[in-house]
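Fold and contact review
Letter by letter, the chains look like this.
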Amino acid sequence: MSSNQRAGRTERRLPTDPKYWNALSHRIVGGAEPILEEYRTWEPWWNPLARFGPSLGLAAAASAVAVALFVAPAGAGATSGSQVMSALAPRDSVAREFVLSTEPPDITTLLPLRQEESR
């Protein structure tokens, strides 16, 4: 043991010279510069698609209206909404009941699903 450790003090292992710390910071900043430059010039992959966002939203809305008009017969009136929901509902009987029900489903609707899972 050294005399500093016996006296209850430990020796500092880090350099105290300011030149060392300045050189270290310059090496860190110099090594990070290429990486930082890459992040400054990075462009997300979705940027070219972002300018089409409003157009794609309008196209989706128009296609939903087209599906509603296509599925509903002329003069159907109030039943056209339920026919659209029926056309867009899943084919699974339990999921179809969840989607098409006008009130919250009863717990008994889950029983067929449980029986199918146990098979």
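Rules and cut-offs
- Residues numbered from 1 in each chain as written.
- Predicted model: local features only at pLDDT ≥ 70, side-chain atom pairs only at ≥ 80, totals over all residues.
- Heavy atoms only, no water.
- Helix = DSSP H or I, 4+ residues; strand = E, 2+ residues; numbered from the N terminus.
- Buried < 20%, exposed > 50% of the residue type's maximum accessible area, 1.4 Å probe, protein only.
- Contact = heavy atoms within 4.5 Å.
- Areas by Shrake-Rupley, 256 points an atom, 1.4 Å probe, with all protein chains shown as cover.
- Salt bridge = Lys/Arg side-chain N within 4 Å of Asp/Glu carboxyl O.
- Patch = residues over 30% accessible without salt bridge, like charges linked within 9 Å, V, L, I, M, F, W, Y side chains within 5 Å.
- Phe/Tyr/Trp six-rings, centres within 6.5 Å; stacked < 30°, edge-to-face > 60°.
- pLDDT = per-residue confidence, 0-100.

This next bit is on the overall build of the protein chain. Secondary structure summary: the protein chain contains seven helices and zero strands in total. What you see in the protein chain, going N to C, is helices and strands ordered as α-α-α-α-α-α-α. When each of the 119 residues of the protein chain is scored for burial, the buried share is 5%. Restricting to contacts in the protein chain with at least 6 residues of sequence separation, those with at least 24 account for 0%. Within the structure as shown, the protein chain displays about 10500 Å² of accessible surface, and the carbon and sulfur contribution to it stands at 61%.

The next point concerns the pattern of salt bridges. Proximity of charged atoms lets side chains of opposite charge pair with each other. Within this structure, the stated rule accounts for two salt bridges. For the salt bridge of R40 with E33, the shortest nitrogen-to-oxygen distance reads 3.3 Å. Among the residues examined, E33 registers a relative accessible area of 35% and is labelled partly exposed. Here R40 ties to E37 by a salt bridge, and the two come within 3.1 Å at their closest N and O atoms.

Moving on, we come to the environment of L111. Relative to the assigned elements, L111 resides in helix α7 (residues 111–118). On the accessibility criterion, L111 (46% relative accessible area) is partly exposed. Separated by 17 residues in the primary sequence, L111 and V94 place their C-alpha atoms 9.3 Å from one another.

A surface patch of nonpolar side chains, amounting to about 770 Å² of accessible area, comprises W42, W45, W46, L49, F52 and L56. With respect to the helices and strands, the residue L56 is situated in helix α4 (residues 53–71). Residue L56 is classed as exposed on the basis of its relative accessible area, which comes to 55%.

The full count for this structure, using the stated rule, is two aromatic pairs. Note on W45 and W46: the rings are 5.7 Å apart at their centroids and 85 degrees apart in plane angle, and the pair reads as edge-to-face. Looking at W46, the relative accessible area reads 44%, which means it is partly exposed.

This part covers the confidence of the model for the protein chain. Residue-level pLDDT values for the protein chain average 76, and 71% of them are 70 or greater. Here helix α1 (residues 3–6) stands out as the least confident element of the protein chain, with mean pLDDT 54; helix α2 (residues 18–41) is the most confident, with 89.

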